[in-house]
Amino acid sequence: MTTFLVLYRSATSAAERMATTDPDAGAASIEAWMRWATAAGEALIDLGAPTQSLTGADGRSQSHISGYSLMQAEDLPTLERLLAEHPHRADGGTIEVLEVLAVPGM
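For every chain, the first residue of its written sequence is number 1, and the numbers climb from 1 along that sequence. Predicted model: local features are reported for residues with pLDDT of at least 70 only, side-chain atom pairs are reported and counted for 80 or more only, and whole-chain, interface and lining totals are derived from all residues. Excluding hydrogens and water, the side-chain values take into account all heavy atoms of the structure.

### Some remarks on the overall build of the protein chain
Line of reasoning, step 1. By the criteria applied, helices consist of DSSP H or I runs no shorter than four residues and strands consist of E runs no shorter than two, each listed in order from the N terminus. Assigned secondary structure in the protein chain consists of four helices and four strands.
Line of reasoning, step 2. Overall, the protein chain is about 45 × 35 × 20 Å in size when its C-alpha atoms are taken along their principal axes.
Line of reasoning, step 3. Partly exposed describes any residue whose relative accessible area lies between the buried limit of under 20% and the exposed limit of over 50%, with all areas from a 1.4 Å probe on protein chains only and scaled to the type maximum. The 106 residues of the protein chain split such that 26% are buried.
Line of reasoning, step 4. Any pair of residues with heavy atoms lying within 4.5 Å of one another is described as a contacting pair. Put simply, 75% of the contacts in the protein chain that link residues at least 6 apart link residues at least 24 apart.
Line of reasoning, step 5. When the accessible surface of the protein chain is summed, it comes to about 7,100 Å², and 57% of that surface belongs to carbon and sulfur atoms.
Line of reasoning, step 6. Positive: Lys, Arg. Negative: Asp, Glu. His and the chain ends are not part of the count. In this description, the location of a charge corresponds to atom NZ of lysine, CZ of arginine, CG of aspartate or CD of glutamate. Charge centroids of the protein chain, computed over 6 positive and 14 negative side chains, lie 5 Å from each other. Only the protein chains shown count as covering a residue, and every accessible area follows the Shrake-Rupley method with a 1.4 Å probe.

### Here we look at the sheet that holds strand E4 (residues 94-99)
Line of reasoning, step 1. When DSSP locates at least two bridges between a pair of strands, those strands are taken to pair. Judged by pairing direction, the sheet is antiparallel, and its four strands sit side by side in the order E2-E3-E1-E4 without closing on themselves. Each of the sheet's edge strands pairs with one partner strand only, and the pair in question is strand E2 (44-46) and E4. The sheet shows a mean angle of 35° between the axes of neighbouring strands, direction not considered.
Line of reasoning, step 2. Note that E2 and strand E3 (residues 64-73) share two bridges and pair antiparallel. Paired with Asp-46 across the strands is Leu-70, a residue of E3.
Line of reasoning, step 3. Along the sheet, helix H2 (residues 23-40) contacts strand E1 (2-10), E2 and E3; its crossing angle with E2, the most-contacted strand, is approximately 120°.
Line of reasoning, step 4. Think of each axis as a best-fit line through the C-alpha atoms, taken over the contacting stretch in the case of a helix, with angles from 0 to 180 degrees between the N-to-C directions. Packing against the sheet, helix H3 (residues 76-83) makes contact with E1, E3 and E4, and its axis sits at approximately 125° to E3.

### Brief notes about the confidence of the model for the protein chain
Line of reasoning, step 1. Per-residue confidence from the predictor is given as pLDDT, running between 0 and 100. On average, residues of the protein chain score 90 in pLDDT, and 92% of them reach the 70 mark or higher.
Line of reasoning, step 2. Summarising per-element confidence for the protein chain, the mean pLDDT is lowest in helix H1 (residues 14-20) (87) and highest in E2 (97).

### Side note on the pattern of salt bridges
Note on pairing: side chains with opposite charge can pair once their charged atoms come close.
Line of reasoning, step 1. Each salt bridge in this description consists of a side-chain nitrogen of Lys or Arg and a carboxyl oxygen of Asp or Glu lying within 4 Å of one another. Scanning all chains against the criterion turns up two salt bridges.
Line of reasoning, step 2. Arg-9 is the partner of Glu-96 in a salt bridge, and the nearest nitrogen-oxygen pair spans 2.7 Å. Of this pair, Glu-96 sits in strand E4 while Arg-9 sits in strand E1, placing them 87 residues apart in sequence.
Line of reasoning, step 3. For Glu-96, a relative accessible area of 28% corresponds to the partly exposed category.
Line of reasoning, step 4. Across the pair Arg-35 and Glu-31 runs a salt bridge, and its minimum N-O distance is 3.0 Å. Within this pair, Arg-35 and its partner Glu-31 are both found in helix H2, separated by four residues, close to a single helical turn.

Here's what the structure looks like:
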């Protein structure tokens, strides 16, 4: 089983989105995420949380890492199937996947 770090990217920061989202839309978004999390089942190790960059606004990035999840799957194609209907994409966001590598000797 391979472990993957799933990064959720968006055009605006998670803090900005949470501050400006209508409460009903926010509740609907959370509900969609929870449906996805239930469907992902045991592949979802940690649903994660919204994140905020603390490195400063230098203008280089065109997107924000607005959150993360930690998942496991047999391989990348299997993980991609689990992420195919992810609600973050419905909000115009993108998803970046990183494989977590084992450190030799640890």
